[in-house]
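Architecture and fold: a report
Listed below are the residues making up each chain.
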Amino acid sequence: MDKKFYVTTPIYYVNDQPHIGHTCTTLAADIIARYHRLLGEKVFFLTGTDEHGAKVAQAAKKAGLLPQDFCDQVSQSFQNIWPQLNIKYHYFVRTTNPDHKKIVQAMLQKIYRRGDIYQAQYQGYYCVGCEKFITETELVNGRCPLHPKQKIQKQSEKNYFFKLSAYVPSLIKAIEDESDPHHYEIIPESKKREVLSKLKVGVADLSVSRAHVAWGIPVPWDEKQTIYVWFDALLNYYSALEINHQKKFWPANVHVVAKDILWFHTVIWEAMLLSAGLSLPKTIFIHSFYTVAGQKMSKSLGNVITPHQLLEKFGIDGTRYLIAANFPYSSDRDVSWQKFDEKFNADLANGLGNLVARIAKLCENSQLKFEPAKPGWDRRYQKYLAKYQLEPALKLVWQWISRADQQVNQNQVWQQKGAALKKSLQSLVADIRQIAYHLQPFVPETAAKIAKQFAGPAIKTQPPLFPRLK
Ligand SMILES: [Zn+2]
């Protein structure tokens, strides 16, 4: 039986255009998907857009568009950018898809019948920026700490609540106990500790409907209310498979998400699934944010880095490499255009590009023939990728690059002749093949170019892989 692997990105909220943050998540998912395909597994890779909620309705109004037209436009800009980065997803899910809406309604109904939903009066503060209720204690100067410029709304309305609190003991056990049938991993470890300590403090029930948000999916038994955008959005991971008749991929092997939506993906989602009687994802992989030259990236500061800008400057594989090699794994990562330029020149133009050119030239001059051979996976590299540690996996490959470079220098290969030259070049060609093999998930076009160039038997020089940036 084929091993299956299901990887997802979050569905991106359409109030924003794609930037380096979305790119980092989607690229990580693509690298993971490619790696598992290379292992011979059947892979389903899902991405999409989240299109309901008050914030979208507001953004549409501001743009002078109907909500659906606005969603179509922004969703398209996400659908357009990923193929330009050689990101190969299988399906792009949209929460305004009528099939998705039906599945969400059916799931809410199921949880309702099970007795996990009740009606109550909600009183408190609602941040439209976050699309969530926040408590009095979370307010800073009477405002949401993440949206200090927006006035916070005090609301009082009848809502339907999901008995999230009832699932807390099961969730703690599922996270902590590896033998629990619902066990799931939270990577990295620091985020797992954060979730557990919050769960142990206690959790309030979750309001899953809205009385005054028109742009959403109606509650099936009370059409005056719409379903909370997060309840709707999380179910994309399930609805996408059902829509595509691919339920054999359930549950997800990994949901890749950024830290701002940690709670929804490590607690609320799993409680919903337990209530609905569905199996839980295997892993939630949470990454951190980018800062730009020491500052938070924001529209008002004008320092937002877009995938279009990166592509224009560094090309597809240059962009893919720079993001993976600067991956914000467990803490925020500072990047800048200058740092990107320096890394591009050091690692790609000089490091990889120079080594490949150098060895190809030596092979060509030698007129030797090289037997074709297929490398195998390196154990350490596999260990890193099993934990989604992209940067350490790349660092390992770059160690091989500098080791091969040193070997050329130490042996003065350009001066060698006869059997000594043959032995040196055979070893160096094997190194290059090994390097290209392990670069496949990260920089697929470059890896394929190198593999073709070094396939043998005759190896010839080619134009530079990464011309130096001026
Ligand atoms: Zn907020």
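Residues numbered from 1 in each chain as written. Predicted model: local features only at pLDDT ≥ 70, side-chain atom pairs only at ≥ 80, totals over all residues.

**Section: the overall build of the chain**
A tally of regular secondary structure across the chain gives 15 helices and 16 strands. In terms of overall dimensions, the chain is globule-like: its C-alpha atoms have a radius of gyration of 25 Å, near the 23 Å expected for 470 residues. Here the C-alpha coordinates of the chain stretch approximately 85 × 50 × 40 Å along the principal axes. By the burial criterion, 40% of the 470 residues in the chain qualify as buried. Contacts in the chain between residues far apart in sequence, at least 24 positions, make up 75% of those at least 6 positions apart. (Helix = DSSP H or I, 4+ residues; strand = E, 2+ residues; numbered from the N terminus. Rg over C-alpha atoms; globule rule 2.2 N^0.38 Å. Buried ≥ 20, exposed ≤ 12 C-beta atoms within 10 Å, placed from the backbone. Contact = placed C-beta atoms within 7 Å.)

**Overview of the nonpolar core**
In terms of nonpolar packing, the biggest core is built from 122 residues, with Val-7, Ala-28, Ile-32, Leu-234, Ile-268, Ala-324 and Ile-432 touching the most fellow members. Three or more residues apiece are contributed to this core by two domains, here domain 1 (4-287) and domain 2 (337-453). Residue contacts for Val-7: discarding those within four places in its chain leaves Ala-29, Ile-32, Ala-33, Val-43, Phe-45, Ala-252, Asn-253, Val-254 and Val-256. (Core = buried A, V, L, I, M, F, W, Y, C linked by C-beta atoms within 7 Å. Domains from an automatic or database assignment.)

**Details of the pairing of strand 4 (residues 117-127)**
Relative to strand 6 (residues 153-162), strand 4 is paired through 10 bridges, and the arrangement is antiparallel. Across the sheet, Tyr-122 pairs through a bridge with Glu-157, a residue of strand 6. Following strand 4, the chain reverses through four residues before pairing antiparallel with strand 5 (residues 132-134); Glu-131 in that reversal takes a positive phi of roughly 55°. (Pairing = 2+ DSSP bridges.)

**Looking at the environment of Pro-441**
One can find Pro-441 in the loop between helix 14 (418-439) and helix 15 (444-453). On a C-alpha basis, the gap between Pro-441 and Ala-28 in space is 9.7 Å, while along the polypeptide they are 413 residues apart. Contact partners of Pro-441, with chain neighbours within four places excluded, come to Ile-31, Arg-34, Tyr-35 and Leu-38.

**Brief notes about the pairing of strand 13 (residues 283-287)**
Burial within strand 13 is extensive, with four of its five residues counted as buried. Here strand 12 (residues 254-258) runs beside strand 13; their pairing, made up of five bridges, is parallel. Residue pairing in the sheet places Ala-258 in a bridge with His-287 of strand 13. As for the winding sense of the linkage, the β-α-β connection from strand 12 through helix 9 (residues 262-276) to strand 13 is right-handed. (Right-handed = clockwise from strand over helix to strand, strands pointing away.)

**Focus: the packing of helix 5 (residues 168-176) against helix 9**
Contact geometry of helix 5 with helix 9 gives a least axis separation of 10 Å together with a crossing angle of 110°. In this view, helix 5 runs roughly perpendicular relative to helix 9, as classed from their interaxial angle. For the pair helix 5 and helix 9, the contacting residues are Ser-170, Leu-171 and Ala-174 in the first and Val-267, Glu-270, Ala-271 and Leu-274 in the second. Residue composition of the contact of helix 5 with helix 9, grouped by class: five nonpolar, one polar and one charged. (Axes fitted to C-alpha atoms, helices over the stretch in contact; angles between N-to-C directions. Parallel < 35°, antiparallel > 145°, perpendicular 65-115°, else oblique. Nonpolar A, V, L, I, M, F, W, Y, C, P; charged D, E, K, R; others polar.)

**Concerning helix 14**
Helix length check: helix 14 (22 residues) gives 32 Å between terminal C-alpha atoms against 32 Å at 1.5 Å per residue, within 8%. Burial in helix 14 covers these residues: Ser-424, Leu-425, Leu-428, Val-429, Asp-431, Ile-432, Arg-433, Ile-435, Ala-436, His-438 and Leu-439. Each element contacted by the buried residues of helix 14 is listed here: helix 11 (337-366), helix 12 (379-386), helix 13 (390-411) and helix 15. (Expected span 1.5 Å × (residues − 1).)

**Considering the sheet that holds strand 9 (residues 209-210)**
Ordered by their spatial adjacency, three strands build an open sheet running 9-11-10, and the pairing between neighbours is antiparallel. Sheet topology places strand 9 and strand 10 (218-219) at the edges, where each strand pairs with a single neighbour. Relative to strand 11 (residues 222-227), strand 10 runs antiparallel, the two being bridged by two bridges. Its bridge partner being in strand 11, Val-219 is matched across the sheet by Asp-222.

**Let's talk about the sheet that holds strand 7 (residues 185-187)**
Pairing is parallel across the open sheet formed by six strands, whose spatial order is 3-2-1-12-13-7. Both outer strands of the open sheet, strand 3 (91-94) and strand 7, are each paired with one neighbouring strand and no more. Looking at each pair of strands side by side, their axes are set apart by 20° on average, direction ignored. Here strand 7 pairs with strand 13 via three bridges, running parallel. Bridge pairing in strand 13 places Glu-185 opposite Thr-283. Lying over the sheet, helix 1 (residues 20-38) contacts strand 1 (4-13), strand 2 (42-50), strand 12 and strand 13, oriented at roughly 170° with respect to strand 1. On the sheet, helix 8 (residues 236-243) packs against strand 1, strand 2, strand 3 and strand 12 and is oriented at approximately 120° with respect to strand 3.

**Describing the domain arrangement of the chain**
How big an interface is tends to be expressed through the accessible area that disappears when the partners come together. Its domain assignment divides the chain into domain 1 (4-287) and domain 2 (337-453). Each of domain 1 and domain 2 has a C-alpha centre, and these two points are 41 Å apart. On the domain 2 side, the residues contacting the nine residues of domain 1 number nine residues. Broken down by element, the side of domain 1 that touches domain 2 gets its largest block of residues, six residues, from helix 1.

**With respect to unusual backbone geometry**
Of note, the amide linkage connecting Ile-187 to Pro-188 takes the cis form, showing an omega dihedral of 0°. Here Pro-188 lies in the loop between strand 7 and helix 6 (189-201). Residue Pro-457 is bonded to the preceding Gly-456 through a cis peptide linkage, with omega at 0°. Within the secondary structure layout, Pro-457 lies in the segment after helix 15. Phi is positive for Gln-367, which is not a glycine, with a value near 60°.

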